[in-house]
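# Examining the three-dimensional arrangement
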Amino acid sequence: MRTRIYHNERIFLPEKGVYLERPRVKKLLENAVKSPYVAVIAGSGYGKTQAVYSFLREYDAPAAWIQLSERDNSPMRFWESFSRTMELYNKRLAARMLELGFPETDDRFAEVAAIPEDELAPNEKHILVFDDFHLIEDGPVLNFMKRAAHVPFPNITMILISRTNPDINLVSLLSKGLLVHINEDELRFTEDETALYFRLLDIPLSSQNVSDIYNDTEGWAFALNLAGLSLKKSVSRQHGARIAMKLNVFSMIENEVFLSISEELRRFLIKLSLIDRLSTDLISGLAKDETLVSEMGRISAFVRYDIYLNAYHIHHLFLDYLRQKQDVLTEEEKRDVYLDAARWCEKNDYKADAVTYYHKAGEYAAIIRIACGFPMQIPFEQVRFLLSVYAGGPADLLEQIPAYHYQHSRLLISIGRYDEASAELKNRISKYSALPDSDFNRQILCGAYVELGIIGYLTLPDTDRCDFDVLMKKAEEYYRPGVGAEYLTSTGISLNAWASKVGSARKGAMEEYIETLTLAIPHVSRILDGCMSGLDDLAQGELQFYKGNLKQAAEFSERALRKAEAHRQYEVHNRSLFYLIRIAVARGDFEKIRELFKILEFQSENDDYALRFTSYDIVCGWYYALLGQPRLVPVRFKGEFSHESIGTFIAGFGNFVKTKFYYADKRYYELLSFIDSGRGTDSILFGKLEMKVLEAACYSKIKDAEAALSSLKEAYDLSASNDLIMPFIGLGKDMRTLTAAAMRDKRCDIPLAWLQMINRKAATYAKRLTGVVSEYKKMNNISDDVRLSARETDVLNDLYHGLSRSEIAAGHNLSINTVKMVLNTIYAKLNADNIADVIRTALEQKLIP
């Protein structure tokens, strides 16, 4: 049984330590969670949170509780909080969510939606609770929730707790029978429950007084709680009953709660109202006196401790009351709280909150330190968040931080605002190069030239200018090791599907690029702590692969692999493995493929590699599509295409794999639509060529010979000057068919010798690929007669009994990726598309013991 992420929070009676059971509400929720969505909507103090907590404590299902705040309208903060909450009950699922980043588009959402299928036990119910949903206003986060509301996740019920009706079209969900709505009337205490409450408090009231209190409070839980506190002190309980109910809520909090505690605790609680995350160790650090924390236990009805989250939660009304008193704190006291909270958040990897609290404390150097630790490919929502923080900072202070100049330009570059970044960098160079020489000015000039060089590198597909090495050399002239340059460290440059940045089909353009890269890397590597190491060898290996020179391609790729590993260049390392696998397939070397996948699997377990899961899935997706096993392609690559072009960083690489999946799955018209839309148009030559060859093959498959030959001719024109042949050869028997048709067609003006050469080499490739497919099926016992190995039987049996993939892995001492590989094999053997199909087919064929 998994650790539950919820706490038993029924109606708490602090002086006696007893709880009030409410079977009526419990039954209501028990029926409600049979639906995909539950909306618990009522005003403040109606016991929404308590009711759901109490129910989940008894309900037999894992539950994740996401406590929302106003700052969760920031996509970065929301996604970080959501993912980190999920980490408590499935670390791998959370890591994959964090890697993908906040899903702003439909295609990105589809990728996120596919994760639970991989990571959660299929036959087990799961609950996601979003508390205080009314705090989420119009924007990306609300759009995410709208998507989630209308795309039910299998076996997951989402509970929204809100003071107002959320803007996610509840009427539509209700009409479809997908939602149960619980309102104030259903949460109000009945008169009988009111009477029971006071009996448990040992407050003897007449039935008339109970009726009076019930009528005055209208069953409002928060008011009943305060009434109980008041009546415990009242000299004349009978007389005080109705008077207590006529007091203002904040006055009641003042008299019955706030004034009953020490002055030290009052001030401490006001300090806590400044921040959101109330982790136990953070609170202990802020208190500096454990007696304050102990005294806080006296008002646990208003500040409750969650044993599972190891954190405190302040009731909303009490929090509103405390916030009205924040002006009693000095600015220095507030700053100390923000700094302590920021340091705790930074230490515990809550980056968005750390940045926010450092911003409130005016510690911009700390913000920039955190930002410098982000990977070079920063998600859009993080960029927007950081730029807004910088915009709100004092310009004169930021100007004094060398890393700020580097960071601001880097953020603009990461979202493609190259012209804006370039103008900013050139102005900076003009300003600081005219000033007297100093370590401070050198740091700024070094960073500025590095960033200009990166812009030159990234825009090369459009400019066809190979001069970024000159800028990198100039940057090193200003570089002084150990002189405040720690912000220039890097774990690598982000790559797309190709190491090449060449967009031109001009003869020799590839070689010019590689030469420039070779000249630039020593400078970049020294400044940026090994950044780009091995990239020149990878680019050379890639070029040789596309030329069909497999021996040279393997030598360069192996060299790139070694250099990348030595300098922690994970993207270069991953792409080197990818090319070595492609080379092994072209050679028909199945044992080498297995060996390389073991290395790839090991890389996917490296927590330092920010994109490890995506990169691993990309290579697996490409491989399974090539083997003609589209059902084994990761779910995230079976959906709609991303809006990014093929060459745009990792999302574009994912699109490249999707094209291979669509082709393997015989979805030719959809693939042609994607290519024709322009989204499949790449600025990099290899991308253009891959798409054009695939376009020709699709037209051939749908029997449009004229269009197929036209696309083939365009592909030939792109490839001829640089002798690029591998995209043609890699289509194997399909290219044999296409080239044979071209040789017979008198209208075709592609050189006959070239067509014959491609036809011959494609035949050889097809033969070797057939051998790889045969070995793969043999190793995995894939045949018409379904036979499972002992390991496959064990895994299938565990799956049938509701175990998650991580639990199966732990039970058999396997890695999670090995379990995924075994499950993929089971999918293939049973010709299944999902877990339900696997279980059904296995039962029909009596494969489950």
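Residues numbered from 1 in each chain as written. Predicted model: local features only at pLDDT ≥ 70, side-chain atom pairs only at ≥ 80, totals over all residues. Heavy atoms only, no water.

### Structural notes on the packing of aromatic side chains
This structure, assessed with the given rule, holds 42 aromatic pairs. Taking the centre distance of 5.7 Å and the plane angle of 65° together, the rings of F109 and F144 count as edge-to-face. Separated by 35 residues along the polypeptide, F109 in helix α5 (residues 106–119) and F144 in helix α6 (residues 140–150) bring together distant segments of the chain. By the burial criterion, F109 is buried, and F144 matches it. Its end group placed over the ring of Y350, R84 keeps NZ or CZ at 4.5 Å from the ring centre. Taking the ring centre of Y662 as reference, the NZ or CZ of R667 above it sits at 4.1 Å. (Phe/Tyr/Trp six-rings, centres within 6.5 Å; stacked < 30°, edge-to-face > 60°. Helix = DSSP H or I, 4+ residues; strand = E, 2+ residues; numbered from the N terminus. Buried < 20%, exposed > 50% of the residue type's maximum accessible area, 1.4 Å probe, protein only. Lys NZ or Arg CZ within 6 Å of the ring centre and 35° of its normal.)

### Regarding the nonpolar core
Of all hydrophobic cores here, the largest spans 248 residues; its most connected members are L269, I275, F318, Y457, L535 and Y623. Here this core gets 11 residues from one element, more than from any other, and that element is helix α25 (residues 439–458). Excluding anything up to four places from it in sequence, L535 contacts Y457, I493, L495, A499, L517, I521 and V572. With 36 residues, the next largest nonpolar core counts A64, I66, I136 and A149 among its residues. (Core = buried A, V, L, I, M, F, W, Y, C linked by side-chain atoms within 4.5 Å. Contact = heavy atoms within 4.5 Å.)

### Observations concerning the pattern of salt bridges
When the charged atoms of two side chains lie near each other, side chains of opposite charge can form a pair. Counted by the stated rule, this structure contains 53 salt bridges. In this structure, the salt-bridge partner of R71 is D353, at a minimum N-O distance of 2.6 Å. Here the residue R71 occupies a position in the loop between β4 (63–67) and α3 (75–87), and D353 occupies one in helix α19 (residues 351–361), the gap between them amounting to 282 residues. On the basis of relative accessibility, which here comes to 0%, the residue D353 falls in the buried class. Between K334 and E331 there is a salt bridge whose closest N-O contact spans 3.7 Å. Of this pair, K334 and E331 both sit in helix α18 (residues 331–347), three residues apart, which is roughly one turn of the helix. For K334, a relative accessible area of 17% puts it in the buried group. Assessed through its relative accessible area of 59%, E331 is described here as exposed. Through salt bridges with shared partners, one network takes in R71, D72, R77, D276, R277 and D353. (Salt bridge = Lys/Arg side-chain N within 4 Å of Asp/Glu carboxyl O.)

### Looking at the confidence of the model for the chain
With 91% of its residues at a pLDDT of 70 or more, the chain shows a mean pLDDT of 85. Under a pLDDT of 50 for its full length, residues 1–19 has, in the predicted model, 74 contacts with residues more than four places off or in other chains. (pLDDT = per-residue confidence, 0-100.)

### Brief notes about the pairing of strand β6 (residues 156–162)
Burial analysis of β6 places seven of its seven residues in the buried class, which makes it a mostly covered element. A two-sided burial pattern is seen for β6, the buried positions comprising I156, M158, L160 and S162 on one face and T157, I159 and I161 on the other. The sheet contact formed by strand β3 (residues 37–41) and β6 spans five bridges and is parallel. The residue of β6 that forms the bridge with V40 is I161. For strand β5 (residues 126–131) and β6, the ladder comprises five bridges, and the chain directions are parallel. Along β6, the bridge assignment pairs H126 with I156. (Pairing = 2+ DSSP bridges.)

### As for the sheet that holds strand β7 (residues 179–182)
The five strands lie next to each other as β4-β5-β6-β3-β7, forming an open sheet whose pairing is parallel. On the outer flanks of this sheet lie β4 and β7, each paired with one strand and no other. Between one strand axis and the next, the sheet turns through 15° on average, direction left out of account. Pairing of β3 with β7 involves four bridges; the strand directions are parallel. (Axes fitted to C-alpha atoms, helices over the stretch in contact; angles between N-to-C directions.)

### Considering α18
The terminal C-alpha atoms of α18 lie 24 Å apart, and with 17 residues this matches the ideal 24 Å at 1.5 Å per residue to within 8%. Among the residues of α18, those classed as buried are E333, K334, V337, Y338, L339, A341, A342, W344 and C345. Once α18 finishes, D349 follows within two positions and takes phi at roughly 70°, a positive value. (Expected span 1.5 Å × (residues − 1).)

### As for the packing of helix α24 (residues 418–433) against α25
Packing of α24 against α25 leaves a shortest axis separation of 9 Å and a crossing angle of 150°. In this view, α24 runs roughly antiparallel relative to α25, as classed from their interaxial angle. In this structure, the crossing between α24 and α25 has a hand that is left-handed. Facing α24, whose interface residues are Y418, A421, S422, L425, K426, R428, I429, Y432 and S433, α25 presents F440, N441, I444, L445, A448, Y449, E451, L452, I455 and L458. Counted by class, the contact of α24 with α25 contains 13 nonpolar, three polar and three charged residues. (Parallel < 35°, antiparallel > 145°, perpendicular 65-115°, else oblique. Left-handed = near helix turned anticlockwise from the far one by under 90°. Nonpolar A, V, L, I, M, F, W, Y, C, P; charged D, E, K, R; others polar.)

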